[in-house]
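The lines below spell out each chain.
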Amino acid sequence: MRQIIIYAVIISTLYEIHVISAATVDANMKVSLENMSKELQQKKSNETIINNLRKKLVNQEKNEALIKQLRSQIGFQTQIIENLSANSKLIENYENCKTELATKSTKLEILEVQLEELNFSLLKKNQEIAKLIINNKNTSELQLENYIEIENHGKCQRRLADESKNLEICGVQLKKLKFSLLEKDQIISTLQNGREYRKTIQKNNNKDKDHLRPQLLNRTLEIFSSPNCIPFRGSSGLFKIGLPGSEAFDVLCDNHIAGPGWLVIQQRIGGSQDFNVNWTTYRNGFGSFNSDFFLGLEKIHLLTSLRTHELYVNLVDEYDSNKFVWYDDFKISDEENGYALSLGKTKLNSSDDFLKYHRNMKFSTFDRDNDLNKRLNCAKQFRSGWWFNNCFKCDLNHRQTKFLQCNTTPYKEVKMLIRPKQ
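Definitions and cut-offs
- Residues numbered from 1 in each chain as written.
- Predicted model: local features only at pLDDT ≥ 70, side-chain atom pairs only at ≥ 80, totals over all residues.
- Heavy atoms only, no water.
- Helix = DSSP H or I, 4+ residues; strand = E, 2+ residues; numbered from the N terminus.
- Buried < 20%, exposed > 50% of the residue type's maximum accessible area, 1.4 Å probe, protein only.
- Contact = heavy atoms within 4.5 Å.
- Areas by Shrake-Rupley, 256 points an atom, 1.4 Å probe, with all protein chains shown as cover.
- Core = buried A, V, L, I, M, F, W, Y, C linked by side-chain atoms within 4.5 Å.
- Disulfide = S-S within 2.5 Å.
- Pairing = 2+ DSSP bridges.

The name an unreviewed UniProt entry assigns to the protein is Fibroleukin-like isoform X1, from the organism Drosophila albomicans.

Undergrad: Quick one: what's the story with the overall build of the protein, residue by residue and with numbers?
TA: When helices and strands are tallied, the protein shows seven helices and 11 strands. Across the 422 residues of the protein, 34% fall into the buried class. For the protein, the proportion of contacts with a sequence separation of at least 24, taken over those separated by at least 6, is 55%. On the protein, roughly 27100 Å² of surface is accessible, and the fraction owed to carbon and sulfur atoms is 53%.

Undergrad: A description of the environment of G385 should follow, citing residues and the corresponding values.
TA: Structurally, the position occupied by G385 is in the loop between α7 (378-382) and β9 (394-400). The exposure class assigned to G385 is buried, which follows from its relative accessible area of 0%. Along the backbone, G385 and F366 are 19 residues apart, and their C-alpha atoms lie at a distance of 7.2 Å. Residues in contact with G385, not counting those within four places in the same chain, are F275, Y282, F363, S364, T365, D395 and N397.

Undergrad: Could you give an account of the nonpolar core, naming the residues involved and the relevant values?
TA: Of all hydrophobic cores here, the largest spans 48 residues; its most connected members are L263, I265, L311, V313, F330, L355 and L396. The contacts of L355, once residues within four sequence positions are left out, are L311, V313, Y327, L343, W386 and C394. By size, the runner-up hydrophobic cluster in this structure holds eight residues, among which are Y312, F324, W326 and L417.

Undergrad: Tell me what's going on with the state of the cysteines, and back it up with residues and numbers.
TA: Summed over all chains, the structure comprises three disulfides. Paired through a disulfide, C378 and C391 show a sulfur-sulfur distance of 2.0 Å. Disulfide C378-C391: the torsion about the S-S bond is -80°, which places it as left-handed. Taken together, the residues span a long stretch of sequence, with C378 in helix α7 and C391 in the loop between α7 and β9 at a distance of 13 residues. In this structure C391 comes out as buried when scored by relative accessible area, which is 10%.

Undergrad: If you had to explain the pairing of strand β7 (residues 322-332) to someone new, which residues and values would you point to?
TA: The sheet contact formed by strand β6 (residues 309-317) and β7 spans seven bridges and is antiparallel. Within β7, the residue paired with V316 across the bridge is N322. Here β6 hands over to β7 after four residues, with D320 in that stretch at a positive phi of 65°. Pairing geometry for β7 and strand β8 (residues 341-343), over three bridges, is antiparallel. Opposite K331, over in β8, you have S342 as the bridge partner.

Undergrad: Outline the pairing of strand β1 (residues 237-243), supporting the account with residue identities and numerical values.
TA: Consecutive side chains along a regular strand alternate between the two faces of the sheet. Of all seven residues in β1, five are buried; the element is thus mostly enclosed. Sheet analysis places β1 next to strand β2 (residues 246-254), joined by six bridges and oriented antiparallel. Within β2, the residue paired with I241 across the bridge is F249.

Undergrad: Any chance you could break down unusual backbone geometry for me, citing the residues and the numbers?
TA: With omega at -5°, the peptide bond leading from N390 into C391 counts as cis. With a phi angle near 65°, D320 is a residue other than glycine that sits in the positive phi range. Of note, D320 is situated in the loop between β6 and β7. Phi is positive for R383, close to 55°, though the residue is something other than glycine. Assignment of secondary structure puts R383 in the loop between α7 and β9. We classify R383 as exposed; its relative accessible area is 53%.

Dropping the structure here:
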C-alpha cells in the first residue's frame, strides 16, 4: 500500500514535470513561430518595397523619354516660330524693296533724260574744243584727256544699261559730267584767251620777256577757273576757282606742306583776326589769305559735295615741331543741316585722330547754338565758331592767349587743307 502511494506520487510528479516541460516547449515554439511569422512579413514588406521601387524606376525612365520627346517638340516648334518670323521680315523687306525699286526706277528714268541732255551738251563742247585744237599746237595733252573722258562717258552709258539698280554710281557720274562740262567751258575760255596772249608775246618778242612773262602767266591763271587746286600743282599761291552754281572766287593753294594740289580752308599763323564772328560771317568766309582766314562754310560745302575730298590738318607747336592728321574722306553738309562735319579714317602715320570727338557735329556760333551742351552755348563760352560737341577737345578756331588748344596740347600755328581724293 505504501509502495502504491509512493508510485502514485512519483507518477504524479513525473506528469507535472512532463506538463511543465511541454508548456515550456510550446511557449518556445510559439515564440519561434511568431519570430518566423514576423520575418516572413518583413520579407513580404521588403519585396513589396522592391517592386514599388522597380515600378518607380520604370516610370522614371518613361518620364525621361517623355521629357526628351517634349523638348524635341518644343525645339521644333521654336524653329517653326523663328522661321515664320524670318519669313514675315522677308515679306516686309520684299515689299519695301518693291517700293524702293519703283522709286529708283522713276529716278533712273529722270537721270537717263538728264544724261541724254548732258550727252548732247558734251558733244557740242567736244566739237568746240576740236575746232580750237586745230588752231593750237600744244594741246596734245588736252586732246588725250578729252578722249579719255569720252571713253569714260561711253563706259558710263554702258553701266547705265547694264546696272540699272546702281543709282548712286550714276548720280556720281552725272556730277562728274557736269563737272567735266564746266571744265571744258573753262578750257575753251583759256584756249581762246591763250591765242590772244601768244599774239601779244609775238608782238613783244623783242621787248623785255622777263617782265612780260609773269604778267601773262598771272593773267592765264586768273582766267583758268578750276574747281580745285589740282591744275595749279606747279606753284603755291592765290588762284581763282569756279564751282557749278557759284561765281569764281579766290583760294590759297599749297603744294609744299603735304604735296601738290591742296587747297587751304582755314589758317591760323599768328595774326590778329578775331574768329568769334556770327553765323553769316562763317558761312561767307572772312580774314586775309596773307594771315589768318576761314574760307567759308558754304564754299567748303560746295567743294566737298562735288567729289570725295581728303582733309590734312597741319599743326606747329610752341617748339616748332610739326604734327598732322590726314583723313581719307572729308565733307560738310548744307546749311539746312547745320554744315555737319563728316570725317573718314586717318591715313598713313597720322599723329592722332584729333577731330574724332567732333565727328558728325553741326557747326555752332555765338548766334546759332547747335552743340550738345544743354547748360551753355559752347561757341559763346569759348569765343569761336566750331563743330562743338559738349564742348570740345580740339577747337582750331579758338585761341587762348597766343596758343590754340588741341587735345590739351598748345599749338601756335594750324592749317586745314583739302584735296580731291585720287
